[in-house]
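Next come the chains, spelled out residue by residue.
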Amino acid sequence: MQKRPVALITGANGEIGRSLIEALHRDGRYRIVTLDLSPLPEKWRPLCFETYAGNILDRYLLDQLAAHHEIEAVFHLAALLSTRGERDPELAHQINVEGTLHLLRMAQSLTLRLDRPVKFIFPSSIAAYGIPTLAQKKEFGRIREDQGLEPITMYGVNKLYAEHLGRYFMRHYRMLSANSEKSVRLDFRSVRFPGLISAETVPSGGTSDYGPEMLHAAAQNKPYACFVAPEAQIPFMAMPDAIKALMGLLDAPREKLTLPAYNVGAFSLTAAEFVTRVKKAFPNAQITFAIDQARARIVDSWPADVDDSAARRDWKWSADYGIDRAFDEYLVPAIRARYRD
Ligand code: AKB
(Lines give C-alpha, C1' and ligand atoms only; values in the text may rest on other atoms or scores of the structure.)
Protein backbone atom coordinates (compact mmCIF):
# COMPACT_ATOMS: atom_id res chain seq x y z
CA MET A 1 0.00 0.00 0.00
CA GLN A 2 1.23 3.49 -0.82
CA LYS A 3 2.19 5.65 2.14
CA ARG A 4 -0.19 8.52 2.78
CA PRO A 5 1.36 11.96 2.24
CA VAL A 6 2.27 14.13 5.20
CA ALA A 7 0.63 17.38 6.30
CA LEU A 8 2.72 19.57 8.59
CA ILE A 9 0.93 21.83 11.08
CA THR A 10 2.99 24.56 12.77
CA GLY A 11 1.55 26.18 15.90
CA ALA A 12 -0.39 22.95 16.30
CA ASN A 13 -0.98 23.54 19.98
CA GLY A 14 -2.91 26.76 19.41
CA GLU A 15 -6.68 27.07 19.20
CA ILE A 16 -6.88 26.53 15.43
CA GLY A 17 -4.20 23.84 15.49
CA ARG A 18 -5.94 21.44 17.85
CA SER A 19 -9.22 21.60 15.92
CA LEU A 20 -7.36 21.21 12.65
CA ILE A 21 -5.59 18.07 13.89
CA GLU A 22 -8.99 16.54 14.65
CA ALA A 23 -10.41 17.53 11.25
CA LEU A 24 -7.40 16.26 9.29
CA HIS A 25 -7.44 13.04 11.26
CA ARG A 26 -11.14 12.52 10.46
CA ASP A 27 -10.43 13.33 6.83
CA GLY A 28 -7.78 10.61 6.78
CA ARG A 29 -5.88 11.73 3.69
CA TYR A 30 -2.70 12.77 5.47
CA ARG A 31 -0.34 11.55 8.12
CA ILE A 32 -0.15 14.50 10.48
CA VAL A 33 3.17 15.92 11.67
CA THR A 34 3.04 18.79 14.15
CA LEU A 35 5.46 21.43 15.31
CA ASP A 36 4.91 23.73 18.26
CA LEU A 37 7.07 25.40 20.90
CA SER A 38 5.28 23.41 23.59
CA PRO A 39 4.75 19.64 23.48
CA LEU A 40 1.36 18.58 22.15
CA PRO A 41 -0.91 17.37 24.99
CA GLU A 42 -1.56 13.65 25.26
CA LYS A 43 -5.15 13.93 23.94
CA TRP A 44 -4.03 14.92 20.42
CA ARG A 45 -0.89 12.81 20.08
CA PRO A 46 -2.57 9.56 18.99
CA LEU A 47 -4.09 11.50 16.07
CA CYS A 48 -0.64 12.43 14.79
CA PHE A 49 2.07 10.49 13.04
CA GLU A 50 4.85 12.50 14.67
CA THR A 51 4.90 15.52 16.98
CA TYR A 52 7.85 17.89 17.43
CA ALA A 53 8.43 20.47 20.14
CA GLY A 54 10.61 23.19 18.67
CA ASN A 55 10.92 26.64 17.21
CA ILE A 56 10.02 27.60 13.63
CA LEU A 57 13.08 29.87 13.73
CA ASP A 58 15.30 26.79 14.06
CA ARG A 59 16.30 26.17 10.45
CA TYR A 60 18.19 23.01 11.33
CA LEU A 61 15.00 21.54 12.80
CA LEU A 62 13.01 22.48 9.69
CA ASP A 63 15.67 20.83 7.50
CA GLN A 64 15.35 17.69 9.61
CA LEU A 65 11.57 17.73 9.23
CA ALA A 66 11.86 18.10 5.48
CA ALA A 67 14.46 15.35 5.29
CA HIS A 68 12.37 12.86 7.25
CA HIS A 69 8.90 13.52 5.85
CA GLU A 70 7.48 13.90 2.37
CA ILE A 71 5.40 16.90 3.32
CA GLU A 72 2.78 17.72 0.69
CA ALA A 73 0.78 20.28 2.63
CA VAL A 74 1.89 22.84 5.19
CA PHE A 75 -0.60 24.57 7.47
CA HIS A 76 1.51 27.36 8.88
CA LEU A 77 -0.46 28.48 11.93
CA ALA A 78 2.34 29.56 14.29
CA ALA A 79 2.14 33.30 14.99
CA LEU A 80 2.37 35.96 17.67
CA LEU A 81 -1.02 37.71 17.73
CA SER A 82 -1.83 41.41 17.71
CA THR A 83 -1.75 42.33 21.41
CA ARG A 84 1.34 40.29 22.22
CA GLY A 85 2.92 41.58 19.05
CA GLU A 86 2.55 45.19 20.22
CA ARG A 87 4.27 44.31 23.49
CA ASP A 88 7.29 42.94 21.59
CA PRO A 89 7.17 44.05 17.96
CA GLU A 90 10.64 42.75 17.07
CA LEU A 91 9.81 39.28 18.37
CA ALA A 92 6.52 39.41 16.43
CA HIS A 93 8.45 40.25 13.28
CA GLN A 94 10.85 37.37 13.88
CA ILE A 95 8.10 34.82 14.40
CA ASN A 96 5.54 36.12 11.92
CA VAL A 97 7.88 37.11 9.10
CA GLU A 98 11.20 35.30 9.48
CA GLY A 99 9.44 32.16 10.69
CA THR A 100 7.11 32.27 7.69
CA LEU A 101 10.05 32.83 5.37
CA HIS A 102 11.78 29.73 6.78
CA LEU A 103 8.63 27.65 6.26
CA LEU A 104 8.14 28.95 2.71
CA ARG A 105 11.75 28.13 1.88
CA MET A 106 11.32 24.63 3.29
CA ALA A 107 8.10 24.12 1.30
CA GLN A 108 9.81 25.35 -1.87
CA SER A 109 12.75 22.98 -1.48
CA LEU A 110 10.29 20.11 -0.88
CA THR A 111 8.41 21.20 -4.01
CA LEU A 112 11.61 20.85 -6.03
CA ARG A 113 12.43 17.50 -4.44
CA LEU A 114 8.95 16.03 -5.03
CA ASP A 115 8.64 17.79 -8.38
CA ARG A 116 5.09 18.90 -7.59
CA PRO A 117 3.76 21.97 -5.78
CA VAL A 118 3.55 21.63 -2.01
CA LYS A 119 0.38 23.33 -0.78
CA PHE A 120 1.10 26.11 1.70
CA ILE A 121 -2.03 27.10 3.63
CA PHE A 122 -1.68 30.34 5.58
CA PRO A 123 -4.18 31.92 7.98
CA SER A 124 -3.98 35.67 7.51
CA SER A 125 -6.29 37.97 9.42
CA ILE A 126 -8.60 40.98 9.38
CA ALA A 127 -5.61 42.59 11.12
CA ALA A 128 -4.13 42.98 7.62
CA TYR A 129 -6.61 45.84 7.25
CA GLY A 130 -6.12 49.25 8.82
CA ILE A 131 -8.82 51.87 8.56
CA PRO A 132 -7.83 55.33 9.80
CA THR A 133 -11.19 56.62 11.10
CA LEU A 134 -14.53 55.30 12.30
CA ALA A 135 -16.24 57.33 9.58
CA GLN A 136 -14.22 55.47 6.93
CA LYS A 137 -14.88 52.16 8.68
CA LYS A 138 -18.60 52.88 8.35
CA GLU A 139 -18.17 53.86 4.71
CA PHE A 140 -16.28 50.64 3.87
CA GLY A 141 -18.91 48.45 5.49
CA ARG A 142 -18.14 44.97 4.16
CA ILE A 143 -14.56 45.46 3.05
CA ARG A 144 -13.05 43.90 -0.10
CA GLU A 145 -9.63 42.26 -0.14
CA ASP A 146 -7.97 45.20 -1.89
CA GLN A 147 -9.33 48.00 0.33
CA GLY A 148 -8.04 49.65 3.51
CA LEU A 149 -4.69 47.86 3.62
CA GLU A 150 -2.79 50.07 6.05
CA PRO A 151 -2.52 47.91 9.17
CA ILE A 152 -1.58 49.68 12.40
CA THR A 153 -0.23 46.68 14.33
CA MET A 154 3.03 44.81 13.83
CA TYR A 155 0.98 41.61 13.58
CA GLY A 156 -1.21 43.10 10.83
CA VAL A 157 1.82 44.40 8.95
CA ASN A 158 3.41 40.95 9.28
CA LYS A 159 0.29 39.14 8.03
CA LEU A 160 -0.07 41.42 5.01
CA TYR A 161 3.62 41.04 4.16
CA ALA A 162 3.46 37.26 4.62
CA GLU A 163 0.60 37.17 2.08
CA HIS A 164 2.90 38.98 -0.35
CA LEU A 165 5.80 36.66 0.48
CA GLY A 166 3.59 33.67 -0.28
CA ARG A 167 2.49 35.18 -3.59
CA TYR A 168 6.13 35.92 -4.42
CA PHE A 169 7.24 32.35 -3.67
CA MET A 170 4.40 30.97 -5.77
CA ARG A 171 4.84 33.23 -8.79
CA HIS A 172 8.28 34.84 -8.87
CA TYR A 173 10.76 33.11 -6.53
CA ARG A 174 14.29 33.33 -7.99
CA MET A 175 12.91 34.76 -11.21
CA LEU A 176 16.37 35.56 -12.57
CA SER A 177 17.78 32.06 -12.37
CA ALA A 178 18.15 30.00 -15.54
CA ASN A 179 14.96 28.14 -16.56
CA SER A 180 13.00 30.10 -13.96
CA GLU A 181 9.76 29.95 -16.00
CA LYS A 182 9.92 26.15 -16.07
CA SER A 183 10.71 25.63 -12.41
CA VAL A 184 7.99 24.20 -10.23
CA ARG A 185 6.92 26.43 -7.34
CA LEU A 186 4.91 25.94 -4.19
CA ASP A 187 1.15 26.52 -4.13
CA PHE A 188 0.32 29.34 -1.68
CA ARG A 189 -3.26 29.81 -0.42
CA SER A 190 -4.49 32.10 2.31
CA VAL A 191 -7.63 33.28 4.12
CA ARG A 192 -8.06 36.41 6.22
CA PHE A 193 -9.79 35.19 9.35
CA PRO A 194 -12.16 37.32 11.44
CA GLY A 195 -11.92 37.05 15.24
CA LEU A 196 -12.25 33.34 15.95
CA ILE A 197 -14.32 31.91 18.79
CA SER A 198 -13.77 28.39 20.02
CA ALA A 199 -15.77 26.52 22.63
CA GLU A 200 -12.68 24.52 23.57
CA THR A 201 -10.06 27.19 24.21
CA VAL A 202 -9.80 30.75 25.48
CA PRO A 203 -7.49 32.61 23.12
CA SER A 204 -4.52 34.59 24.38
CA GLY A 205 -2.44 37.39 22.94
CA GLY A 206 -5.05 38.65 20.47
CA THR A 207 -7.21 41.78 20.44
CA SER A 208 -10.44 40.19 19.23
CA ASP A 209 -10.17 38.13 22.43
CA TYR A 210 -12.81 40.22 24.27
CA GLY A 211 -15.57 38.23 22.54
CA PRO A 212 -14.48 34.73 23.52
CA GLU A 213 -13.19 35.98 26.89
CA MET A 214 -16.58 37.37 27.98
CA LEU A 215 -18.31 34.19 26.88
CA HIS A 216 -15.95 31.84 28.73
CA ALA A 217 -15.98 34.12 31.82
CA ALA A 218 -19.80 34.13 31.93
CA ALA A 219 -19.93 30.34 31.72
CA GLN A 220 -17.63 30.15 34.75
CA ASN A 221 -19.60 32.77 36.68
CA LYS A 222 -16.63 35.13 36.64
CA PRO A 223 -16.96 38.90 36.18
CA TYR A 224 -15.53 40.34 32.96
CA ALA A 225 -14.48 43.87 32.01
CA CYS A 226 -14.62 44.37 28.26
CA PHE A 227 -11.74 46.49 26.96
CA VAL A 228 -13.46 47.92 23.84
CA ALA A 229 -16.43 50.29 23.61
CA PRO A 230 -19.97 48.84 23.37
CA GLU A 231 -20.28 50.07 19.75
CA ALA A 232 -16.94 48.53 18.58
CA GLN A 233 -17.72 46.15 15.72
CA ILE A 234 -15.72 43.48 13.90
CA PRO A 235 -16.55 40.18 12.19
CA PHE A 236 -16.30 36.94 14.15
CA MET A 237 -16.36 33.27 13.18
CA ALA A 238 -16.99 30.04 15.07
CA MET A 239 -14.07 27.61 15.04
CA PRO A 240 -15.80 24.86 12.99
CA ASP A 241 -16.15 27.37 10.15
CA ALA A 242 -12.48 28.36 10.42
CA ILE A 243 -11.58 24.70 9.97
CA LYS A 244 -14.08 24.40 7.11
CA ALA A 245 -12.36 27.37 5.43
CA LEU A 246 -8.89 25.82 5.75
CA MET A 247 -10.10 22.48 4.40
CA GLY A 248 -12.04 24.18 1.60
CA LEU A 249 -8.99 26.13 0.58
CA LEU A 250 -6.87 22.97 0.67
CA ASP A 251 -9.27 21.26 -1.72
CA ALA A 252 -9.94 24.17 -4.07
CA PRO A 253 -8.79 23.53 -7.67
CA ARG A 254 -5.70 25.67 -8.23
CA GLU A 255 -6.96 27.08 -11.51
CA LYS A 256 -10.06 28.52 -9.79
CA LEU A 257 -8.07 30.60 -7.29
CA THR A 258 -7.72 34.22 -8.37
CA LEU A 259 -6.49 35.84 -5.12
CA PRO A 260 -3.52 35.04 -2.90
CA ALA A 261 -5.63 35.84 0.20
CA TYR A 262 -9.41 35.60 0.57
CA ASN A 263 -11.85 37.15 3.01
CA VAL A 264 -14.07 34.62 4.74
CA GLY A 265 -17.09 35.90 6.61
CA ALA A 266 -19.62 34.44 9.02
CA PHE A 267 -21.23 37.16 11.19
CA SER A 268 -20.46 40.59 12.52
CA LEU A 269 -21.57 42.17 15.78
CA THR A 270 -20.78 45.00 18.18
CA ALA A 271 -19.39 44.36 21.64
CA ALA A 272 -22.79 45.41 23.06
CA GLU A 273 -24.55 42.85 20.85
CA PHE A 274 -22.00 40.27 21.99
CA VAL A 275 -22.91 41.06 25.61
CA THR A 276 -26.61 40.66 24.81
CA ARG A 277 -25.96 37.22 23.28
CA VAL A 278 -23.87 36.16 26.28
CA LYS A 279 -26.50 37.40 28.77
CA LYS A 280 -29.26 35.58 26.92
CA ALA A 281 -27.37 32.31 27.51
CA PHE A 282 -25.97 33.19 30.95
CA PRO A 283 -28.43 35.65 32.56
CA ASN A 284 -26.19 36.13 35.63
CA ALA A 285 -23.18 37.21 33.58
CA GLN A 286 -21.42 40.21 35.13
CA ILE A 287 -19.99 42.13 32.18
CA THR A 288 -18.82 45.73 32.45
CA PHE A 289 -16.90 48.00 30.10
CA ALA A 290 -13.43 49.30 31.06
CA ILE A 291 -12.02 50.63 27.83
CA ASP A 292 -8.33 50.18 27.11
CA GLN A 293 -7.83 52.99 24.60
CA ALA A 294 -4.88 51.41 22.82
CA ARG A 295 -6.45 47.99 22.34
CA ALA A 296 -9.79 49.59 21.44
CA ARG A 297 -8.04 51.60 18.73
CA ILE A 298 -6.72 48.39 17.19
CA VAL A 299 -10.23 46.95 17.01
CA ASP A 300 -11.55 50.23 15.58
CA SER A 301 -8.96 50.01 12.79
CA TRP A 302 -10.30 46.60 11.71
CA PRO A 303 -13.26 46.38 9.34
CA ALA A 304 -16.82 46.08 10.67
CA ASP A 305 -17.40 43.22 8.24
CA VAL A 306 -15.85 41.51 5.23
CA ASP A 307 -17.02 40.95 1.67
CA ASP A 308 -16.30 37.29 0.98
CA SER A 309 -17.87 37.10 -2.47
CA ALA A 310 -14.53 36.18 -4.09
CA ALA A 311 -14.21 33.08 -1.88
CA ARG A 312 -17.84 32.18 -2.53
CA ARG A 313 -17.29 32.48 -6.27
CA ASP A 314 -13.85 30.86 -6.57
CA TRP A 315 -14.03 27.94 -4.15
CA LYS A 316 -17.67 27.85 -3.07
CA TRP A 317 -17.01 29.11 0.44
CA SER A 318 -19.97 29.59 2.74
CA ALA A 319 -20.10 29.63 6.53
CA ASP A 320 -22.25 27.01 8.27
CA TYR A 321 -22.55 29.04 11.45
CA GLY A 322 -24.42 32.34 11.21
CA ILE A 323 -24.84 34.26 14.43
CA ASP A 324 -27.82 32.28 15.82
CA ARG A 325 -26.43 28.89 15.02
CA ALA A 326 -22.93 29.83 16.26
CA PHE A 327 -24.25 30.79 19.70
CA ASP A 328 -27.26 28.48 20.09
CA GLU A 329 -25.94 25.27 18.55
CA TYR A 330 -22.17 25.45 18.99
CA LEU A 331 -20.74 27.95 21.48
CA VAL A 332 -23.28 28.01 24.31
CA PRO A 333 -23.97 24.25 24.64
CA ALA A 334 -20.30 23.29 24.26
CA ILE A 335 -19.02 25.96 26.65
CA ARG A 336 -21.73 25.07 29.19
CA ALA A 337 -20.73 21.41 29.02
CA ARG A 338 -17.05 22.30 29.29
CA TYR A 339 -17.41 24.14 32.62
CA ARG A 340 -20.18 21.99 34.07
CA ASP A 341 -17.80 19.48 35.66
C1 AKB B 1 -5.98 38.91 17.05
O2 AKB B 1 -6.85 39.45 17.73
O3 AKB B 1 -4.81 39.29 16.98
C4 AKB B 1 -6.39 37.73 16.20
C5 AKB B 1 -6.77 38.14 14.82
C6 AKB B 1 -7.94 39.01 14.60
O7 AKB B 1 -6.11 37.78 13.90
N8 AKB B 1 -7.48 37.04 16.81
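A brief report on the enclosed structure follows. Predicted model, so just to flag it, every value in this text is computed and none were measured. (Residues numbered from 1 in each chain as written. Predicted model: local features only at pLDDT ≥ 70, side-chain atom pairs only at ≥ 80, totals over all residues. Heavy atoms only, no water.)

**Overview of the packing of aromatic side chains**
Scanning the model with the defined rule gives 13 aromatic pairs in all. Aromatic pair tyrosine 168 and tyrosine 173: ring centres 6.1 Å apart, planes at 80°, arrangement edge-to-face. When the ring of phenylalanine 267 is compared with that of phenylalanine 327, the centres are 6.3 Å apart and the planes differ by 55°; the resulting orientation is tilted. Here phenylalanine 267 is found in strand β12 (residues 267–270), whereas its partner phenylalanine 327 is found in helix α12 (residues 323–340), with 60 residues between them in sequence. Judged by relative accessible area, phenylalanine 327 falls into the buried class, the value being 1%. In this structure an aromatic cluster arises from ring pairing among Tyr210, Phe227, Phe236, Phe267, Phe274 and Phe327. A cation over a ring is seen here: arginine 31 above phenylalanine 49, with NZ or CZ 4.6 Å from the ring centre. Stacked on the ring of tyrosine 321, the Lys or Arg arginine 325 has its end atom at 4.4 Å from the ring centre. (Phe/Tyr/Trp six-rings, centres within 6.5 Å; stacked < 30°, edge-to-face > 60°. Helix = DSSP H or I, 4+ residues; strand = E, 2+ residues; numbered from the N terminus. Buried < 20%, exposed > 50% of the residue type's maximum accessible area, 1.4 Å probe, protein only. Lys NZ or Arg CZ within 6 Å of the ring centre and 35° of its normal.)

**With respect to helix α2 (residues 59–68)**
Considered for burial, the residues of α2 that qualify are Leu61, Leu62, Leu65 and Ala66. In an axial view of α2, the angular spread of the buried residues amounts to 135°, which keeps them on one side of the axis. In α2, those exposed residues whose orientation departs by more than 90 degrees from the buried face are Tyr60, Asp63, Ala67 and His68. At the N-terminal end of α2, a side-chain oxygen is found 3.1 Å from the backbone nitrogen of tyrosine 60, two or three residues along, and the residue is aspartate 58. (Arc of directions from axis to C-beta. Polar contact = N/O pair within 3.5 Å; in protein donor to acceptor, adjacent residues only side chain to side chain.)

**Some thoughts on the pattern of salt bridges**
Applying the stated criterion across every chain yields a total of 14 salt bridges. One network of salt bridges, in which partners are shared, links Arg142, Asp305, Asp308 and Arg312. (Salt bridge = Lys/Arg side-chain N within 4 Å of Asp/Glu carboxyl O.)

**With respect to the site of the ligand**
Around the ligand, the neighbouring residues are Leu81, Ser82, Ser125, Tyr155, Gly206, Thr207, Ser208 and Trp302. In this structure, an oxygen atom belonging to the ligand sits 2.5 Å away from a side-chain N or O atom of serine 82. Serine 125 places a polar side-chain atom, nitrogen or oxygen, 2.7 Å from an oxygen atom of the ligand. Its free accessible area being 260 Å², the ligand has 91% of it covered by the protein chains. Residues of the shell around the ligand, tallied by class, amount to 3 nonpolar, 5 polar and no charged. (Near = heavy atom within 4 Å. Areas by Shrake-Rupley, 256 points an atom, 1.4 Å probe, with all protein chains shown as cover. Nonpolar A, V, L, I, M, F, W, Y, C, P; charged D, E, K, R; others polar.)

**As for the packing of helix α4 (residues 89–114) against helix α6 (residues 154–171)**
As a packed pair, α4 and α6 sit with axes 10 Å apart at the nearest point and diverge in direction by 15°. It follows that α4 is roughly parallel to α6 by the angle criterion. Once α4 is placed against α6, the crossing between them reads as right-handed. Only Met154, Tyr155, Asn158, Tyr161, Ala162, Leu165, Gly166 and Phe169 of α6 make contact with α4, whose side of the interface consists of Pro89, Ala92, His93, Asn96, Val97, Thr100, Leu101, Leu104, Arg105 and Gln108. Taken together, the residues of the contact of α4 with α6 break down into 11 nonpolar, 6 polar and 1 charged. (Axes fitted to C-alpha atoms, helices over the stretch in contact; angles between N-to-C directions. Parallel < 35°, antiparallel > 145°, perpendicular 65-115°, else oblique. Left-handed = near helix turned anticlockwise from the far one by under 90°. Contact = heavy atoms within 4.5 Å.)

**Quick look at the packing of helix α9 (residues 271–281) against α12**
Two numbers describe how α9 lies on α12: the axes approach to 11 Å, and their chain directions differ by 50°. Compared by their axis directions, α9 and α12 come out oblique. Handedness of the crossing formed by α9 with α12: right-handed. Here α9 contributes Phe274, Arg277, Lys280 and Ala281 to the contact with α12, which in turn contributes Ile323, Asp324, Phe327, Asp328, Val332 and Arg336.

**Description of the pairing of strand β1 (residues 6–10)**
The buried fraction of β1 amounts to 5 of the 5 residues, a majority that puts the element mostly inside the structure. Of the two faces of β1, both are covered, the one formed by Val6, Leu8 and Thr10 as well as the one formed by Ala7 and Ile9. Pairing between β1 and strand β2 (residues 31–36): 5 bridges, direction parallel. When the sheet's bridge partners are listed, alanine 7 is paired in β2 with isoleucine 32. With helix α1 (residues 15–27) bridging β1 and its parallel neighbour β2, the resulting β-α-β unit is right-handed. Of the strand pairs in this sheet, β1 and strand β4 (residues 71–76) are connected by 5 bridges, and their pairing is parallel. Residue valine 6 lies in a different strand from β4, and its bridge partner there is isoleucine 71. (Pairing = 2+ DSSP bridges. Right-handed = clockwise from strand over helix to strand, strands pointing away.)

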